[in-house]
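Structural features, examined
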Amino acid sequence: ALRAEVAHVLTAEPGSRNHSLNAAAYSLGQLVGAGILPDEMTAAALTRAARAAGLEDREIRATVRSGLTAGARRPRTVRPA
């Protein structure tokens, strides 16, 4: 999930990059909230991808934190395989 969302951010077109980052942060935040992904590692991976995509640090910090927080409030239920 982390790799797929990072790839989604990296390939986002200009004009949709912040929206893609927010959607990725929300989705991954649901996994953070479920205890499946660590928060700091997830935020760092999204931050690196967003920088590589050309977003500014201030925008990145706000979007990543907002998306992760919102997603964590609605954690995913994951069933064992």
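Residues numbered from 1 in each chain as written. Predicted model: local features only at pLDDT ≥ 70, side-chain atom pairs only at ≥ 80, totals over all residues. Heavy atoms only, no water.

Concerning the overall build of the chain
If you tally the helices and strands in the chain, you get four helices and zero strands. Ordered by position in the sequence, the α and β elements of the chain form the string α-α-α-α. Taken over C-alpha atoms, the radius of gyration comes to 12 Å for the chain, in line with the 12 Å a tight globule of 81 residues would show. By the burial criterion, 38% of the 81 residues in the chain qualify as buried. Surface exposure of the chain reaches about 5,100 Å², of which carbon and sulfur atoms provide 51%. Considering the chain, the positive charge centre built from 11 side chains and the negative charge centre built from 7 side chains are found 7 Å apart. (Helix = DSSP H or I, 4+ residues; strand = E, 2+ residues; numbered from the N terminus. Rg over C-alpha atoms; globule rule 2.2 N^0.38 Å. Buried < 20%, exposed > 50% of the residue type's maximum accessible area, 1.4 Å probe, protein only. Areas by Shrake-Rupley, 256 points an atom, 1.4 Å probe, with all protein chains shown as cover. Lys, Arg positive; Asp, Glu negative; His and termini not counted. Charge placed at Lys NZ, Arg CZ, Asp CG, Glu CD.)

Notes on the environment of Leu-21
One can find Leu-21 in helix H2 (residues 17-33). Here the alpha-carbon distance between Leu-21 and Arg-61, two residues 40 residues apart in the chain, equals 11 Å. Non-local contacts of Leu-21, meaning those with residues more than four positions away in its chain, are made with Val-9, Leu-46, Ala-50, Leu-55, Ile-60, Thr-63 and Val-64. (Contact = heavy atoms within 4.5 Å.)

Considerations on the pattern of salt bridges
Within this structure, the stated rule accounts for two salt bridges. A salt bridge links Asp-39 to Arg-65; the shortest N-O distance between them is 3.4 Å. Separated by 26 residues along the polypeptide, Asp-39 in helix H3 (residues 39-53) and Arg-65 in helix H4 (residues 57-72) bring together distant segments of the chain. With a relative accessible area of 38%, Arg-65 lands in the partly exposed category. Between Arg-51 and Asp-57 there is a salt bridge whose closest N-O contact spans 2.6 Å. Exposure remark for Asp-57: the relative accessible area of 33% places this residue in the partly exposed category. (Salt bridge = Lys/Arg side-chain N within 4 Å of Asp/Glu carboxyl O.)

Describing the nonpolar core
Judged by nonpolar contacts, the single largest core of 19 residues is most densely connected at Val-9, Leu-21, Leu-28, Leu-46, Val-64 and Leu-68. Listing elements by their share of this core, those giving two or more residues are helix H1 (2-10), H2, H3 and H4. Top element by residues in this core is H2. It accounts for six residues. Residue contacts for Leu-28: discarding those within four places in its chain leaves Ala-1, Leu-2, Glu-5, Leu-37, Thr-42, Leu-46 and Leu-68. (Core = buried A, V, L, I, M, F, W, Y, C linked by side-chain atoms within 4.5 Å.)

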